Amino acid sequence: MFITGYAVTAGAAERLVFGYDSYGNICGRKNTYIQGAPLSGQDMTNKKHVFFLNSCSLEIKNLKINSIALCVSSCPQEQLNSLEDIQHFAKNNGSCLCIYNLNISSYTLNPKAAELCPTLPVPPSKSFPLFNRCVPQNPECYSQFASILINVVNEVDVFHRILSGIMAGRDTVIGLSVLALAFSLIMVLTFRFITTLLVHIFITLVVFGLLFVSGVLWWLYYDYTNDPSIELETEKENVKFLLGFAIISTMITMVLLSLIFVLRKRIQLTVQLFWVANKIISRVPSLLFQPLWTFLILIFFWVFWVAVLLSLGTAGSAQVISGGQVEYKILFGIRYMWWYHLVGLIWTSEFILACQQMTIAGAVVTSYFNRNKSSSPRHLILSSISVLFCYHQGTVVKGSFLITIVRIPRIILMYLYDALKEKVGTYLCNTIHVYTTTAINGTNFCTSAKDALFILAKNSANIAFINCFGDFIIFLGKVFVVCFTVFGGLMAFNYHREFHVWVVPLLLVALFACLVAHSFLSVFEVVMDALFFCFAIDMETNDGSPERPYFMDQELLVNSCDSNVDTLAGR
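The name given to the protein in an unreviewed UniProt entry is Choline transporter-like protein, and the organism recorded there is Terrapene triunguis. The protein has a UniProt comment under Function (unreviewed entry) that states "Choline transporter."

Here's what the structure looks like:
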C-alpha cells in the first residue's frame, strides 16, 4: 500500500504519452503550479501538441533535447518565414509558438523576440499520433528530427517504452477485453446446452484457432525481419517478442493437438459429465451470474493495477533549473519495484478467483447435502458469500498465495504426475477440493488439504479419471477465448507498429482474456470437481441403505456411475 500510495502521488503517467513542455506542464491537461517555475501550472487542455523552438537543429545530451518545448494547440501547416508570419499564425489559429509570457502583439516589437520565438524559418510540421510531437515535414529537418527522436526513444529504458505502449494502445486493450468477455459468454452458453455436435464444432474451432494464430505470428515475424525500415529499439523488441510468442504458440499447439487426437473418443463421456454439472446448475441458476461480479471486480482491479504501474514508471520529483525550466528527477529505487507489483497482480487476481471458487463450492455442497432435492435452500449464493467473508478468508488468502508461488512448478509437476501416476500411484489435490472440504467441515486450509488428499487417495478411480476429461474440454474453452482474442489483438496492434512496444500490451490482453475465461468457465469446473468430491465423501460415509442413504439423487447417481464405468472401461 505504501508503494502504491507513493507511486500514485509522485508519478505522472500522462507525461509518457501526452508529452510536456520545458516548464513542467503536461500538454492537453490542467496543471498544478511548481514552486520556482513561473510558467508552470497552466491550463493546457486545448494545447495538446509539443512544439520545439528549433526543430531543425536539435541536439541530445543525457537524454535531454537542447531545444525549449512548448504546448501548442496546433502545428504550423505551412512554412513561417518571419515573426510577422508567426504572429499572423497565432491570431488566425490561436496557436502561440513563442514563450508563454510573450504577448502576441509583442512578437514583432520585443527586441528579444528572436530568442523567445522559434528559429526562422519555421518548417511546416505535422503532429505525430503517439507522442503528439510536431514533426517537421521539410526533408532535411525531418531527417535530423527523426534521428534525434529515434535516439531518444532508443535510450529510454525498456520499462518506460512498455508503459508508453500500454498508454498508447489503451483503447485497443479495452476493446479486446470486451471481446474476451463476449467469447467467454459464448463458451458459457455452449457448455450450458452442450451436445455431441457442439463439442465437435467447438474442437474444430479450437484447432483452427491454434493453427491460425501460430501461422499469423510466424508471418508477422517474417514480415518484421524483412522490413528494412526498422530502426527503433522498440521495433526490434517487437521482433524478439514475436519470435518468442511464435515459438511458444507453436509448442502449445502441437501439445494440444496431440491431446485432442488421443482423447477424441471421449466426447460422449464429456457430454455426460456436463449433463451432471448442468443438473446442479439448474437447481442453483444464480451460479451462472457469479462470474459477472468476478469480471467487474477484475476489471476494476486491473485498471487500478495499470494506473499504479504507470505511476511507478514516472515516479519522480520536479526540479527547477535555469530560466525557470523544469526537469524531472527519476526515482530509480521506487521505479524498479514493478516486480513486486507484478506479484501483487497475480496474487490478487488469484484471490478474486479463489473467492468465486469458494462461493460456488459452498453452494454446491449445500445443494448436494440437502435431502429434499425438489426444494433447494433459498439464497445459496448469498449464504455462501457470507460464510466465506465471515469464516474462510484466511483459507482463500493462503490458497491463492500458494497458487501464486508454485504456478510454474505446478505445471511441471502435473506433467510429471501424468507420466508417473500409473507407476507410483501418487494423488494430487487442487485448491477446489480444499475449498470444498472447507465448505463441508469448516476447517482451515492445511487441515482441509490433508482431509482432501486422504479422500482423493481412497477414491482416485472415482474422481480423477472422471474429472480429467471434463477439465480438458474446459481448458480448451479457455484456449478458444485466448486464441481468438489474441488474433483480434494481432490485427488491431499490427496497424500501430511505430514507436511503441505493442507486443507487451498484447501479452497483457492474452493474460486478461485467460483470467476472464477462467472466471466464467470455472463455474463448470468447480461444480464438477466439487460435485464428484461430494460424491466421493457421500460414498465414503454412506452405503445406500435405508439407515444411511446417499445424498445424491438416483438420476445423478446412475449417470455418475455410468460415466465412471465408461471411463474405467476405456483406460
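Here the narrative resumes, following the displayed structure.
(A) Just the environment of Leu515, in detail. With respect to the secondary-structure elements, Leu515 resides in helix α20 (residues 503-541). Those residues within four positions of Leu515 in sequence are excluded, and the remaining contacts are Leu298, Trp302, Ser349 and Leu353.

(B) Broad picture of the UniProt feature "transmembrane region" (unreviewed entry) in the protein. Within the UniProt annotation, "transmembrane region" (unreviewed entry) is assigned to residues 173-194, 201-221, 241-263, 292-318, 338-365, 472-493 and 499-521. Helix makes up 96% of residues 241-263 and strand 0%, and the two end C-alpha atoms of the span are 33 Å apart. Taken end to end, residues 472-493 has its terminal C-alpha atoms 31 Å apart, with 100% of it in helix and 0% in strand.

(C) Quick look at the environment of Ala318. Following the sequence through the fold, Ala318 ends up in strand β7 (residues 316-320). Sequence separation of Ala318 and Gln35 is 283 residues, and the distance between their C-alpha atoms is 9.4 Å.

(D) How the structure looks around the nonpolar core. One finds Phe191, Phe202, Leu287 and Val527 to be the most contacted residues of the largest nonpolar core, which totals 89 residues. The element contributing the most residues to this core is α20, with 20 residues. Filtering out sequence-adjacent residues up to four positions away, Phe202 remains in contact with Met187, Phe191, Ile473, Leu476, Gly477 and Phe480.

(E) A look at the state of the cysteines. Tallying each qualifying case throughout the model produces three disulfides. The disulfide bridge from Cys75 ends at Cys134, spanning 1.9 Å between sulfur atoms. The disulfide joining Cys75 to Cys134 has a torsion of about -80° about its S-S bond and is therefore left-handed. A residue pair is termed long-range when its members are at least 10 positions apart, and Cys75 in the loop between β4 (69-72) and α3 (83-93) and Cys134 in strand β6 (residues 134-136) qualify at 59 residues. Cys134 matches Cys75 in its accessibility class, with the two residues each being buried. Disulfide pairing places Cys98 opposite Cys117 at an S-S distance of 2.0 Å. Classification of the bridge connecting Cys98 and Cys117 rests on its S-S torsion, roughly 110°, and on that basis the disulfide is right-handed. Taken together, the positions of Cys98 in the loop between α3 and α4 (113-116) and Cys117 in the loop between α4 and β5 (125-127) put the pair 19 residues apart, joining distant regions of the chain. For Cys98, a relative accessible area of 1% puts it in the buried group. You can call Cys117 buried: its relative accessible area is 3%.

(F) Main features of α3. Burial in α3 covers these residues: Leu83, Ile86, Gln87, Phe89 and Ala90. The buried side chains of α3 occupy one side of the element, clustering within an arc of 160° when seen end-on. Residues of α3 that are exposed and point more than 90 degrees away from the buried face comprise His88, Lys91 and Asn92. Against α4 lie the buried residues of α3. Residue Gly94 follows α3 closely and has a positive phi angle near 70°.

(G) Examining the pattern of salt bridges more closely. This model, assessed by the stated rule, comprises one salt bridge. Here Lys478 ties to Glu525 by a salt bridge, and the two come within 3.3 Å at their closest N and O atoms. Note that Lys478 is positioned in helix α19 (residues 460-493) and Glu525 in helix α20, a separation of 47 residues in sequence. Judged on exposure class, the residue Lys478 and its partner Glu525 are both buried.

(H) Structural view of the packing of helix α17 (residues 431-441) against helix α18 (residues 445-458). Viewed as axis vectors pointing N to C, α17 and α18 meet at an angle of 105°, and their least axial separation amounts to 8 Å. As far as their axial angle goes, α18 and α17 are roughly perpendicular. Between α17 and α18, the residues in contact are His433, Val434, Tyr435, Thr437, Thr438 and Asn441 and Phe445, Ser448, Ala449, Asp451, Ala452 and Leu456, respectively. For the contact of α17 with α18, a count of residues per class yields six nonpolar, five polar and one charged.

(I) Up close: the packing of aromatic side chains. Evaluation of the coordinates by the stated rule reveals 13 aromatic pairs. Seen in terms of ring centroids, Trp302 and Trp305 are 6.4 Å apart; in terms of plane orientation they differ by 45°. Their pairing is tilted. Linking Trp302 with Trp305, this pair stays in helix α11 (residues 290-314), spanning three residues, or about one helical turn. Accessibility expressed as a relative area gives 8% for Trp302, which makes it buried. Accessibility expressed as a relative area gives 5% for Trp305, which makes it buried. A network of ring pairs unites the aromatic residues Phe295, Trp302, Trp305, Phe512 and Phe520 as a single cluster.

Thresholds applied
- Residues numbered from 1 in each chain as written.
- Predicted model: local features only at pLDDT ≥ 70, side-chain atom pairs only at ≥ 80, totals over all residues.
- Heavy atoms only, no water.
- UniProt positions renumbered as here; feature names shortened; annotations may be inferred.
- Helix = DSSP H or I, 4+ residues; strand = E, 2+ residues; numbered from the N terminus.
- Contact = heavy atoms within 4.5 Å.
- Core = buried A, V, L, I, M, F, W, Y, C linked by side-chain atoms within 4.5 Å.
- Buried < 20%, exposed > 50% of the residue type's maximum accessible area, 1.4 Å probe, protein only.
- Disulfide = S-S within 2.5 Å.
- Arc of directions from axis to C-beta.
- Salt bridge = Lys/Arg side-chain N within 4 Å of Asp/Glu carboxyl O.
- Axes fitted to C-alpha atoms, helices over the stretch in contact; angles between N-to-C directions.
- Parallel < 35°, antiparallel > 145°, perpendicular 65-115°, else oblique.
- Nonpolar A, V, L, I, M, F, W, Y, C, P; charged D, E, K, R; others polar.
- Phe/Tyr/Trp six-rings, centres within 6.5 Å; stacked < 30°, edge-to-face > 60°.

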